[in-house]
Structures are given as structure tokens and as C-alpha cells.
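This is what each chain is made of:
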Amino acid sequence: HAPSATAGSGGTGDPRNINYVWTVVSDWGEESIPSPASNTVSAKNGQTVDLSGMTLEWQAGTSYSVGESVYAVGDEGGTYLYTCVQSGTSGASEPSWNQTVDGDTYDNSVIWRCFKNNIASKYIYRYNTGDEYGEYEYVDSISVSATTYSDTKTDANIGPTVLPSESWDPPPLELRGLTEMSNGIIVGFSGKDLYFSEPYRPWTYPTDYIQSLAFPIVSIASVGTTLIVTTEKNPYLVTGSDPASMTVNKLPNPKACVSKRGTVTWGNSAIYPSADGLVVMTENGGDLLTKEHYTADEWEEIHPSTLNACIYDNKYIGFYKYGSTEGGIVFDLLSGQLTTLDFYAYAMFVDPTTEKLYYLRQVAEVLLQEDGTPY
């Protein structure tokens, strides 16, 4: 909500017009986009300006968008934070909040999802219209439960930090496939869209950085500052060191990826299962690795869309399971030899310290109660 500003007493010099915004900051140092700007007030340098209304409390009859968060009325900075997962208008009276993490609260046409609160503080910024730099400058921080502040600081005593997060849009709830590039950019995808974070700030994915492709994305693989993107048709090569100016090139090889979990990186390449076999893809194009071992019909028998894989000791290790049919393949990327396995693993992990491979053979079935806790 926009803060309300009221000019008080004191100050020196000529009055100038100023206004304020505020942000919230998590206990991990993640800063939100700013609030709407306050009303503009005329105040002298150092004149007291009282701010109020810096609150995330739920409000009746208010339009909320996906990603906005609120506290229950009277519980600013409390245990639970509620994030909008379906936009709409709140009801005439406060709903009964679901206090189960990941549980939903239905509020007229809005749906709220419950999260543990991790907001630690609020930052206040001031804009002086007479300031030649024309930026919001840092004033102070207040506790997460505070909603008011009296600003008595002179222009010389604010800043030098300026508001960094004006375009820091939060990630969409459906963001998947998070992958780190070597330049600190985290990349994810949703549908046909690639989302890029601010470098070294994995909580914000400005909408100005979105790159839209022609086909639905299946997986992404990072090779240094290059991203190999597989889709339901052609793969793409995405390069760049600045998320605001990434270059996207569609590769000519029309081999679609059929399994996100079957996609891995190896050296300067990505390896993924297609309908015809394993594909190795580099910036120079692709090749079918298993063409000497499987025909298209034989490859279909291992149900490649179910493959989950990893790289271990220069070998592609993948497991498949479809009904009662299960097994695995081990493809030596140096010699081209292929070995088959007669069992399935649900997940794998290569410890980078010990260089040991761990895999999960069985998954215990856990019965949950209505509140989501195990019996």
C-alpha cells in the first residue's frame, strides 16, 4: 500500500516537493519491488514528515494481483504471510485464514496461499523533486511490524544507496527448471517463456528480461554463459552476460526433447532424449549418440519420455519406468559403448566432494492426514 505523508514542523531553506516509497526485505536480504508512491508534500530540508500506512494487512474490497502478499488484520509481521495465487477482489469481510503452510484461503474471488513469514524489515526511500539525480534514496529501515515513521533527515543524511528494485518483478508461481549460468544469472521457464534473474539475485525475474520462444520449453541446460534450451520441436542457443540483452538463436536440428529429467550437461554440450535416441547438442549443432545401438522402434521400447539421468565418470546413466517395464542404460560418452540395466532408480546424485554416485531404488509410501502431516 502507498504510504501517507504529512508535513510537520522545522526545516531550513526553501520548500521542495518530496514523496516516499517503501519495500520489504526478507531475512535472506531479498528486497521487494517498491510500494506505490506516497502523496507529494512540500517540505523544507530537514522538516519533519510523518509517514503512515506502510502496511501489508489485508483490506476489504481491494483488487489483488498474483504475487501480492498480505498479513491477517492485526498480525503485521506475524507467523504467517499469505500470497495471492489467483487474482481478484477481496471480500467485504476478512476470511478465516488457513494456517497450514501451502494451504489455501478462499476470499471472494481471490485465493491466498499460506507461507511462513520471512520478512525481517521494511526499507524507506525518499524522492526529492529538486534533486538533480532524480532517484529514490535510502532513508531508514523499520521493523516488519512497524507501519509509521517520522522522517527528520536532511538531504545530506540520506542515501547514498538508491532504490535498486524498481523493476524487480517476482518470479511467476509456475516457474520451473531453475538453472544457474556462470555469470550469476538464474534461468527458469514457464510455457514458451524464459525468465532471467538479476545477476546474483535469484528472487527477482524482471518481465523486461523475458524471452519468448516459438515452442513449449521442455528443459534448459547451462554451459558457462551459454544456455541450451530444448523444446517440443527445435532446440535453442541462448548466449549473453547481461539478462537485459540475451541473444536467442533457433538451432536447425529439429530433435524435440521428450524428458526434462533426462536432460544433462556434459562439457560444453547438453545431452537429452529425443523420440529417436540420445541427442548431444552443442553451439555447433547436434548429433544422435545412440544411432548405432537403437533403431527408432527399439528406442521407443525403453519409454524415453520417462528417463531420468545424470552424468557420472563420463557416462550418461538414465533410468526408465513405464508400468511394469523398467530398466536403465549406461552410455559411455568417450568410447560409445552402451550397457543396459535391469532395475529402476527414482533419483540420482553425484557427490562432487567424494565423486560417488548415489541412487534411490525404492520410495516409501507415506500416508498423510487431512492437514498434510504423516500418520
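The preceding data block contains the structure.
In this text the structure is predicted, and so the values were computed from the model without any measurement. (Residues numbered from 1 in each chain as written. Predicted model: local features only at pLDDT ≥ 70, side-chain atom pairs only at ≥ 80, totals over all residues. Heavy atoms only, no water.)

Undergrad: Sorry if this is basic, but what is going on with the pattern of salt bridges here?
TA: Between side chains of opposite charge, pairing is possible as soon as their charged atoms come close. For the structure on display, the rule yields 10 salt bridges. Across the salt bridge formed by Lys255 and Asp276, the nearest N and O atoms sit 2.5 Å from each other. Of this pair, Lys255 sits in the loop between strand S21 (247–250) and strand S22 (264–266) while Asp276 sits in the loop between strand S23 (269–273) and strand S24 (278–282), and the two are 21 residues apart along the sequence. Lys255 sits in the partly exposed class, given a relative accessible area of 25%. A cluster of three or more residues bridged by salt bridges with shared partners is formed by Arg16, Arg126, Asp151 and Asp155. (Salt bridge = Lys/Arg side-chain N within 4 Å of Asp/Glu carboxyl O. Helix = DSSP H or I, 4+ residues; strand = E, 2+ residues; numbered from the N terminus. Buried < 20%, exposed > 50% of the residue type's maximum accessible area, 1.4 Å probe, protein only.)

Undergrad: What exactly am I supposed to notice about the packing of aromatic side chains here?
TA: Aromatic rings considered in pairs are described by the distance between their centres and by the relative angle of their planes. With the rule as written, the count across this model stands at 11 aromatic pairs. Measuring from centroid to centroid gives 5.9 Å for Tyr125 and Tyr138, while their planes differ by 75°, and the two rings are edge-to-face. In this pair, Tyr125 is assigned in strand S11 (residues 119–128) and Tyr138 in strand S12 (residues 137–143), connecting sequence segments 13 residues apart. Judged by relative accessible area, Tyr125 falls into the buried class, the value being 1%. When the ring of Tyr127 is compared with that of Tyr136, the centres are 5.2 Å apart and the planes differ by 55°; the resulting orientation is tilted. Residue class for Tyr127 comes out partly exposed when judged on its relative accessible area of 23%. Among the residues examined, Tyr136 registers a relative accessible area of 14% and is labelled buried. Among the aromatic side chains, those forming a connected cluster through ring pairs are Tyr64, Tyr82, Trp97 and Trp112. (Phe/Tyr/Trp six-rings, centres within 6.5 Å; stacked < 30°, edge-to-face > 60°.)

Undergrad: Even after reading the chapter, I still don't get the sheet that holds strand S10 (residues 110–116), so can you show me in this structure?
TA: Either a parallel or an antiparallel arrangement is found when strands of a sheet pair, and the pairing is made through backbone hydrogen bonds. With antiparallel pairing, four strands are arranged side by side in an open sheet as S6-S7-S10-S9. Looking at strand neighbours, the two that pair on one side only are strand S6 (69–70) and strand S9 (104–107), the edges of this open sheet. With four bridges connecting them, S9 and S10 associate as antiparallel partners. Each bridged residue has a counterpart across the sheet, and for Tyr106 the counterpart in S10 is Ile111. (Pairing = 2+ DSSP bridges.)

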